Amino acid sequence: MKVVILAGGLGTRISEETTIKPKPMVEIGGRPILWHIMKIYSHYGLTDFVVCLGYKGYVIKEYFANYFLHMSDVTFHLAENRMEVHRETAESWRVTLVDTGQETMTGGRLKRALPYVGDDDVFALTYGDGVADINIAAELEFHKSHGRKATVTAVRPAKRFGAIAIEGDRVASFREKPDDDGGWINGGFFLLSPSVGELIADDKTVWEREPMEALASQDQLRAFSHHGFWHPMDTLRDKTFLEEEWESGRAKWRTW
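Rules used in this analysis
- Residues numbered from 1 in each chain as written.
- Predicted model: local features only at pLDDT ≥ 70, side-chain atom pairs only at ≥ 80, totals over all residues.
- Heavy atoms only, no water.
- Helix = DSSP H or I, 4+ residues; strand = E, 2+ residues; numbered from the N terminus.
- Rg over C-alpha atoms; globule rule 2.2 N^0.38 Å.
- Contact = heavy atoms within 4.5 Å.
- Areas by Shrake-Rupley, 256 points an atom, 1.4 Å probe, with all protein chains shown as cover.
- Lys, Arg positive; Asp, Glu negative; His and termini not counted.
- Charge placed at Lys NZ, Arg CZ, Asp CG, Glu CD.
- Buried < 20%, exposed > 50% of the residue type's maximum accessible area, 1.4 Å probe, protein only.
- Phe/Tyr/Trp six-rings, centres within 6.5 Å; stacked < 30°, edge-to-face > 60°.
- Lys NZ or Arg CZ within 6 Å of the ring centre and 35° of its normal.
- Core = buried A, V, L, I, M, F, W, Y, C linked by side-chain atoms within 4.5 Å.
- Salt bridge = Lys/Arg side-chain N within 4 Å of Asp/Glu carboxyl O.
- Patch = residues over 30% accessible without salt bridge, like charges linked within 9 Å, V, L, I, M, F, W, Y side chains within 5 Å.
- Polar contact = N/O pair within 3.5 Å; in protein donor to acceptor, adjacent residues only side chain to side chain.

**Describing the overall build of the protein**
Along the protein, the regular secondary structure elements total eight helices and 16 strands. For a compact globule of 256 residues, the expected C-alpha radius of gyration is about 18 Å, and the protein comes in at 18 Å, within 12% of that figure. With the principal axes as the frame, the protein shows a C-alpha extent of 65 × 40 × 35 Å. Here the analysis covers contacts within the protein between residues at least 6 apart in sequence; of these, 73% occur between residues at least 24 apart. For the protein, the computed accessible surface area is about 12000 Å², with 47% contributed by carbon and sulfur atoms. If you average the places of the 31 positive and of the 38 negative side-chain charges in the protein, the two averages end up 1 Å apart.

**Some points on the environment of Ile 185**
Topologically, Ile 185 is positioned in strand S13 (residues 185–186). What makes Ile 185 buried here is its relative accessible area of 4%. With 32 residues separating them in the primary sequence, Ile 185 and Thr 153 have C-alpha atoms 8.3 Å apart.

**Examining the packing of aromatic side chains**
Applying the stated rule across the entire model yields 13 aromatic pairs. Their ring planes at 85° and their centres at 5.6 Å tell us that Tyr 63 and Tyr 67 sit as a pair that is edge-to-face. In terms of burial, Tyr 63 and Tyr 67 fall into one category: buried. Seen in terms of ring centroids, Tyr 67 and Trp 93 are 6.4 Å apart; in terms of plane orientation they differ by 55°. Their pairing is tilted. Of this pair, Tyr 67 sits in helix H4 (residues 67–71) while Trp 93 sits in the loop between strand S6 (82–86) and strand S7 (94–99), and the two are 26 residues apart along the sequence. Here the aromatic cluster, defined as three or more aromatic residues joined through ring pairs, consists of Trp 35, Phe 229, Trp 246, Trp 253 and Trp 256. Cation over ring: Arg 31 sits above Trp 35, and NZ or CZ is 5.7 Å from the ring centre.

**Quick notes on the nonpolar core**
Counting 45 residues, the largest nonpolar core has Tyr 41, Val 131, Leu 242 and Trp 253 as the members making the most contacts within it. Secondary structure elements with two or more residues in this core: strand S1 (2–7), helix H2 (33–42), strand S4 (48–53), helix H3 (57–65), H4, strand S9 (130–132), helix H6 (136–146) and helix H8 (236–248). Element by element, the count of residues in this core is highest for H2, at seven residues. The contacts of Val 131, once residues within four sequence positions are left out, are Ile 33, His 36, Ile 37, Ile 40, Phe 189, Phe 229, Trp 230, His 231, Leu 242 and Trp 253. One finds Phe 174, Phe 190, Leu 192 and Met 212 within the second-largest nonpolar core, a separate group that totals 29 residues.

**Side note on the pattern of salt bridges**
As enumerated under the stated definition, the model contains 15 salt bridges in all. For the salt bridge of Lys 2 with Asp 48, the shortest nitrogen-to-oxygen distance reads 3.7 Å. Of this pair, Lys 2 sits in strand S1 while Asp 48 sits in strand S4, placing them 46 residues apart in sequence. Judged on exposure class, the residue Lys 2 and its partner Asp 48 are both buried. One salt bridge connects Arg 250 with Glu 245, and the closest N-O pair in it is separated by 3.2 Å. Overall, Glu 245 belongs to the buried group, its relative accessible area being 8%. Each member of the salt-bridge network shares a partner with another, and the members are Arg 148, Glu 167, Asp 169, Arg 170, Asp 219 and Arg 222.

**Points about a nonpolar patch on the surface**
Judged by side-chain polarity, Phe 68, Leu 69, Phe 76, Leu 78 and Met 83 come together as a nonpolar surface patch covering roughly 500 Å² of accessible area. By secondary structure assignment, the location of Phe 76 is in strand S5 (residues 73–77). Among the residues examined, Phe 76 registers a relative accessible area of 48% and is labelled partly exposed.

**Here we look at H2**
In terms of burial, H2 is largely enclosed, as ten of its ten residues are buried. Every buried residue of H2 is accounted for by Ile 33, Leu 34, Trp 35, His 36, Ile 37, Met 38, Lys 39, Ile 40, Tyr 41 and Ser 42.

**What to know about the side chain of His 36**
On the secondary structure map, His 36 appears in helix H2. Given a relative accessible area of 0%, His 36 falls into the buried group. A polar contact is formed between the side chain of His 36 and the side chain of Trp 253, at a distance of 3.1 Å.

Here you go:
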């Protein structure tokens with residue numbers, strides 16, 4: 001099963017970091033938050049990733065192209081133009097990096113990534129800036145049990161995100177960035193049928209608007225309620241909080 005990660009946004013709310021790198025490459029504990037997200041999935045055996053690039057996507061390409069340099073001890077034999085890798089710590093991941101455009105919206109990025117998903121009945125989708133101690137195996141079992149096209153992970157933090165009205169486990173409606181707070185919100189960590197691509201018109205389509213609203217109105221969207229840890233990295237304050245959690249050894253998303 002493929003894991004699609006949206007990693008192309010501008011990250012304007014954390015511009016202190018994103019003037020030189022895309023937000024998924026902002027580091028927590030010396031590793032990009034993108035790496036942390038991939039570790040969450042790989043803990044459950046999902047190691048085939050499709051990363052949607054946009055703003056400063058070359059930084060992500062460089063990171064994976066030189067993964068051994070970032071993660072291992074190396075010796076350079078200059079006269080021989082050879083690199084010797086010591087203490088290899090590379091992950092057993094397959095990573096496809098897809099240039100989905102500088103200005104493309106989230107739905108458009110997803111649609112551009114779908115050719116790389118293949119013939120799987122279901123694939124995972126999440127944002128490249130949020131971590132959680134979510135049980136992916138339990139979510140996958142839930143997704144298969146309800147037989148709908150889409151599952152969204154619902155969480156309960158402060159407002160700012162797309163709100164989900166839930167009746168049982170049925171998503172009754174979906175609203176992007178409501179004025180009220182205190183309810184369930186879109187926490188990412190989706191499980192989807194590739195057929196959701198039919199609901200995405202073009203690069204200008206925002207996944208969290210027409211496509212998700214249509215899935216809800218067609219009774220094709222279910223919510224996997226996550227009561228554990230979830231936190232995005234939208235601002236420098238968020239980064240500082242996650243960094244402190246990691247350094248303290250209390251990082252709840254570190255399930256590996």
